[in-house]
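# Examination of the molecular architecture
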Amino acid sequence: QTYIIPTEQLVFGIGIPVVVTGLRYSTSLNGKIGDLRSWVEEAACFMVHFEDERLAPRPVRQEYLKIVFEVPELEEATDSTA
């Protein structure tokens, strides 16, 4: 079963794994995975630390973040008539 939840209803918090998407200026960060380490009050965004250690942590606004979920792999269907 699939559940669709609007992004504005999700609660982001420290430690959540995310992927950056939709940036128009720092486009090289789009598709990069990291985790939220702190809230930057004066910029109203989260500080993202990236899996790629060559990338410096960056502040990113919530609207440019999607939560990363681990989805289990589906077992291959077997033919019961064989």
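Presented here is a report on the structure given in the accompanying data block. Source: prediction; values computed, not measured.

Scoring rules and cut-offs
All residue numbers refer to positions counted from 1 along the written sequence of the respective chain. Per-residue local features are limited, in this predicted model, to residues with pLDDT of at least 70; the limit for side-chain atom pairs, both in listing and counting, is 80 or more; totals at the level of whole chains, interfaces and linings are taken over all residues. With hydrogens and water excluded, all non-hydrogen atoms of the structure serve as input to the side-chain values. Strands are runs of DSSP state E lasting at least two residues, helices are runs of H or I lasting at least four, and both sets are numbered from the N terminus onward. Here the term buried applies to any residue with accessible area under 20% of the maximum for its type, exposed to any over 50%, and partly exposed to those in between, with areas from a 1.4 Å probe on protein chains only. Pairing between strands is defined by DSSP: at least two bridges between them are needed. Only the stretch in contact is used when fitting a helix axis, every axis being a line fitted to C-alpha atoms; angles between N-to-C directions are given from 0 to 180 degrees.

For the rest of this paragraph, the subject is the environment of Q62. Within the secondary structure layout, Q62 lies in the loop between strand 4 (58–60) and strand 5 (65–67). Residue Q62 is classed as partly exposed on the basis of its relative accessible area, which comes to 28%. Q62 sits 16 residues away from F46 along the chain, and the two C-alpha atoms are 7.0 Å apart.

What follows is about the sheet that holds strand 3 (residues 45–50). Here five strands make up an open sheet; going across it, the order is 4-3-2-1-5 and the pairing antiparallel. Because the sheet does not close on itself, it has two edges, and the strands there are strand 4 and strand 5. Each neighbouring strand pair of the sheet contributes to a mean axis angle of 50°, computed without reference to strand direction. One ladder, built from three bridges, connects strand 3 with strand 4; its direction is antiparallel. Looking across to strand 4, one finds that V48 is bridged to R58.

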